[in-house]
Amino acid sequence: MISDQTQPPQEPAIEARLNPDDVASRMKLELRDIGIPPRPAILEELDRELSKDEPDFIRLGHIISADVGLSAGLIKITNSPFFGLGKKVGTVQEALLLLGLRIVVNTIAGLALRQTFKHVPMMDRFWSASAATARVSGALVHALGVKHHVRPEDAYTFSLFRDCGIPVLMIPFPQEYREVLIDANNDSERPFTAVEDGRLGINHAAVGTELARNWCLPDEICAAIQSHHNAEQLVESSDDALPPRTARLIALAQLAEYLLQQHTGMMKSVEWQKLGPSCLAVLDITEDDLPRLAEACREACEADY
């Protein structure tokens, strides 16, 4: 055993090395080693079954039903107007048969996301806003038609995970990060993520992308999470333009958020001012189309599912 005298001197604790008022520096040090929550075990189990040549629907149903909260959430969403099935389901098995495997897995992933961060305080409004944006994004796909080649369920899943980096960053410094979010929401010039980078040396889009990749979400959804505050990448003529479907996912979610803010008068930010023109171009619509789309999405704006 090495004696205490031969050990290298220990560095003082982070708190002792930093000025207590230097919040930004303290956050940068802590966030370097931030942990991304691992993929929930239920998603691993579902994927193992899905990878088989002939997945067993009964076993899949048992896997999901073992988690009462997730199975209840799945049934509630399946019965919502979002899917427009025309009949009510009462079991996970029925949801699987009516929706199909991939949609169910993506729905479970979205439900598991909130469950993973249930210990993060004062996030109810965040989760409600994410769910509402997801609903309206899916409704927009129906309202705009099939010309954009984006499925409602993909728009829904992206919108649920778009800001998933925020609860991750809330964990180490909830109060300080809330202040950063307020500044970013009110900055009319810099991209949202640039404000975060300036204060923290990291942003929720980068953290969210890592989580989405760890959770095995589709590549186009991961790419959309990474770039959803980058207006330049939405422009087709730019050197680093996003693939069209990825850009449309971003545009749909941003438009959904804007319509919700107009409908409720709450949670307003300046993001539409920065991203709106590019989003309209991506979706091939104009400001004149917005009242019609708002009316088409009214039910989704007012729903609670």
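Residues numbered from 1 in each chain as written. Predicted model: local features only at pLDDT ≥ 70, side-chain atom pairs only at ≥ 80, totals over all residues. Heavy atoms only, no water.

(A) Seen up close, the overall build of the protein chain. Per the secondary structure count, the protein chain includes 18 helices and 0 strands. Taken over 305 residues, the protein chain has a buried fraction of 51%. Counting contacts in the protein chain only where the partners sit at least 6 residues apart, residues at least 24 apart contribute 68% of the total. Summing over all exposed atoms, the protein chain offers an accessible surface of approximately 15,300 Å²; the carbon and sulfur share of this is 51%. (Helix = DSSP H or I, 4+ residues; strand = E, 2+ residues; numbered from the N terminus. Buried < 20%, exposed > 50% of the residue type's maximum accessible area, 1.4 Å probe, protein only. Contact = heavy atoms within 4.5 Å. Areas by Shrake-Rupley, 256 points an atom, 1.4 Å probe, with all protein chains shown as cover.)

(B) Focus on the side chain of Ser278. Within the secondary structure, Ser278 is located in helix α16 (residues 271-283). You can call Ser278 buried: its relative accessible area is 16%. Once residues lying within four places of it in the same chain are set aside, the contact partners of Ser278 are Ala231, Leu234 and Val235.

(C) How the structure looks around helix α15 (residues 244-264). In this model α15 runs 30 Å from its N-terminal to its C-terminal C-alpha over 21 residues, within 8% of the 30 Å that 1.5 Å per residue would give. Burial analysis of α15 places 16 of its 21 residues in the buried class, the great majority of the element. Positioned one or two residues after α15, Gly265 has a phi angle of 70°, which is positive. (Expected span 1.5 Å × (residues − 1).)

(D) View of helix α13 (residues 204-214). Of the positions making up α13, those classed as buried are His204, Ala205, Val207, Gly208, Thr209, Leu211 and Ala212. In this structure, the buried side of α13 is in contact with α7 (101-116), α9 (152-161), α10 (165-170), α11 (174-186), α12 (192-200) and α14 (219-227). Immediately downstream of α13, the backbone of Cys216 shows phi near 65°, a positive value.

(E) Focus on the pattern of salt bridges. The tally for this structure, following the rule as stated, stands at 17 salt bridges. Close ionic contact of Asp47 with Arg39 constitutes a salt bridge, the shortest N to O distance being 2.8 Å. Among the salt bridges present, the one from Asp154 reaches Arg245, with a minimum N-O distance of 3.8 Å. Note that Asp154 is positioned in helix α9 and Arg245 in helix α15, a separation of 91 residues in sequence. Looking at Asp154, the relative accessible area reads 3%, which means it is buried. Looking at Arg245, the relative accessible area reads 28%, which means it is partly exposed. It is possible to trace a salt-bridge network through shared partners that takes in Arg151, Glu153, Asp154, Glu220 and Arg245. (Salt bridge = Lys/Arg side-chain N within 4 Å of Asp/Glu carboxyl O.)

Any link to function would need more than the numbers given here.
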